[in-house]
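Structural overview
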Amino acid sequence: MATSHASNDTATNAPLRRIVIVGGGTAGWMAAASLARFLRNLKCDIQLVESEQIGTIGVGEATIPPIMNFIRVLGIDEDDLIRQTNATFKLGIRFQDWTRVGHSYFHPFGRTGFEMEGIGFPAYWMRQRLAGDAAPLEEYSLQAMAAAHNRFMRPVQAPGSPLEGITYALHFDAALFARYLRGYSEARGVTRVEGRVVRVDLRPEDGFIEALRLEDGRRIDGDFFIDCSGFRGLLIEEALQAGYENWQRFLPCDSAVAVPSERAGPPPSYTLAAARSAGWQWRIPLQHREGNGVVYARDFLSDEAARETLLSNLAGKPLADPRVLRFVTGRRRESWKRNCLSLGLASGFLEPLESTSIHMVHRGLALFIQMLPDRHCEPADIARYNRMLAFEYERIRDFLVLHYATGQRRDSDFWRHCAGIEWPDSLRAKIELFQGYGRIQREDTELFPEQSWLYVFTGQDIRPRRPDPMTDLLDPDKIRGGLANIHDVIGRVVQTMPHHQAFIDRHCAAAG
Ligand code: FAD
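Residues numbered from 1 in each chain as written. Predicted model: local features only at pLDDT ≥ 70, side-chain atom pairs only at ≥ 80, totals over all residues. Heavy atoms only, no water.

1. Points about the site of the ligand
Taken together, 33 residues surround the ligand, and among them Gly 24, Ala 62, Val 197, Leu 345 and Ile 358 come closest. For the ligand, a nitrogen atom lies 2.7 Å from a polar atom in the backbone of Ala 62. One of the backbone N or O atoms of Leu 345 is found 2.9 Å from an oxygen atom in the ligand. Isolated, the ligand exposes 1,000 Å² of accessible area, and the fraction of that covered by the protein chains is 97%. For the shell around the ligand, a count of residues per class yields 15 nonpolar, 14 polar and four charged. Summarising the domain contributions, the shell around the ligand has at least three residues from each of domain 1 (18–250 + 328–502) and domain 2 (255–326). (Near = heavy atom within 4 Å. Polar contact = N/O pair within 3.5 Å; in protein donor to acceptor, adjacent residues only side chain to side chain. Areas by Shrake-Rupley, 256 points an atom, 1.4 Å probe, with all protein chains shown as cover. Nonpolar A, V, L, I, M, F, W, Y, C, P; charged D, E, K, R; others polar. Domains from an automatic or database assignment.)

As structure tokens, this is what we get:
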């Protein structure tokens, strides 16, 4: 007799028993570490295959605050990680020459100000700013002002003080970070296999990946595969043809040239992103050196000219020959297909303007673990994962386009081209909303909070026509008093913070 209960066959799971990760860059070892930590009760064998011959991309040194959660949930000692990866602290990003040459603005982490009678800081600050009665936005942010004075400390228990809410991320040596996570993963049972994957075997009946073949003939079987093989997407694209959505029409850069250099002076507690004639240049301070690179569009700048731009704008002596990297901005159409999840460069690439790539590895892993499949890999779950990831990639893309497409620079073919970049509809809607009453709506699970958009809108000199009518409900003297109080407290508190270098020396200086 038929019952409403599923048969034994469908009512039980077929838990994952063998997960194979391809790639030992930042993405591969982040995946290995997370799975070793979170799947420890699943009795699942985790293997990571990588090829030293092929190597890793080796850049990717600036992060955003969620990385601190990644570190904490793995139970990693933060100071130890900082020492081992020569890391420094990061409070935000300084954008120089983006809006126009000679202009700069700061995108700090963390919250600025507080709500007044249920009305957010951005609304009442903007009201006063439009009336010419408020200081620049940055002056109300502890992170921005601490970075401007090169100060840093971790949050402390100080009820009511802005020191409670200090929000930070790290700059670290990417190769040392991967090495650190390798040690963590191997100590928790992950096996590393050295070898080059040359073939991917698919199961004829459903196209699931069955095994990998290595150059030396070894076969590696698995029931789930994580593709962290870098831009080429060895499994997700070459074997499974998941497709790639190209966003170059929105973001014209397609190359980078990178070089480490000697440290010049104490490390700042922020990343510098300085616009150049056909792209921009990053400077990332580490304890022992600086990381530098120029991101550029080959249609507007040759590799040679990019190299010259890079070398002529270094603060310290170069420590190696500059290395050119090519990329195609966009995302994998299906980041997860059948029994293969792609992470890192294999899943998509957005230039490091807001340091989001490592975050997207973390985000992909967190979502995957929340939606952990068994060997059946339910298609509806996969579709949901892909929709969520696509949405988050798109909103980050929009945030990056905002930097390029709304500035006033017209001093080179590149910047004239940027002025004509088509805005994605989702970005257009955000800009138009802001241009009305200065309102910003964070949508669903998008990464950047309202205040991040406010900093970049304001930095790019985009202004609303009128203040938010909600602010008519507030007493103008109360707004003035509230803003003056925040400004004053921030100004005083920053002076009590240690210098960034002094904080590192006291807590987490690397040996040597
Ligand atoms: P990779 O580092 O390329 O690793 C690929 C791995 O796959 C390697 O171990 C390789 O050996 C292995 N592999 C490939 N093929 C095979 C094969 N056939 N057999 C066996 N193994 C194989 N992100 C940020 O968050 N912040 C930044 O500041 C930042 N800056 C960046 C600057 C530039 C110019 C670029 C290009 C990227 C930047 N990123 C940044 C992105 C960041 O570097 C990557 O997200 C991160 O390093 C992850 O890379 P990955 O592990 O996916 O790939």
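2. Digging into the sheet that holds strand E21 (residues 348–349)
A sheet is described by the order of its strands in space; here three strands give the open sequence E12-E18-E21, paired in antiparallel fashion. Of all strands in the sheet, those with a lone pairing partner are strand E12 (244–246) and E21, marking the two edges. Across three bridges, the pairing between E12 and strand E18 (residues 330–332) is antiparallel. Among the inter-strand pairings, Glu 245 is bridged to a residue of E18, identified as Arg 331. (Pairing = 2+ DSSP bridges. Helix = DSSP H or I, 4+ residues; strand = E, 2+ residues; numbered from the N terminus.)

3. Quick word on the environment of Asp 254
Mapped onto the elements of the fold, Asp 254 is located in the loop between E12 and strand E13 (255–261). Put simply, Asp 254 and Gln 287 are 33 residues apart on the chain and 29 Å apart in space, counted from C-alpha to C-alpha. Contacts of Asp 254, omitting those with residues within four sequence positions, involve Gln 248, Tyr 296, Ala 297, Arg 298, Leu 325, Arg 326 and Phe 327. Of note is the side chain of Asp 254, whose polar atom sits 3.1 Å from the side chain of Ser 255. (Contact = heavy atoms within 4.5 Å.)

4. Thoughts on the domain arrangement of the protein
When its domains are assigned, the protein resolves into domain 1 (18–250 + 328–502) and domain 2 (255–326). Using only C-alpha atoms to locate each centre, domain 1 and domain 2 end up separated by 21 Å. Contacts between domain 1 and domain 2 engage 41 residues on the former and 31 residues on the latter. Buried surface at the junction of domain 1 and domain 2, both sides included, amounts to about 2,800 Å², of which 58% is carbon and sulfur. Applying the counting criterion to the domain 1 and domain 2 interface returns two salt bridges. (Buried area = accessible area lost by both parts, 1.4 Å probe. Salt bridge = Lys/Arg side-chain N within 4 Å of Asp/Glu carboxyl O.)

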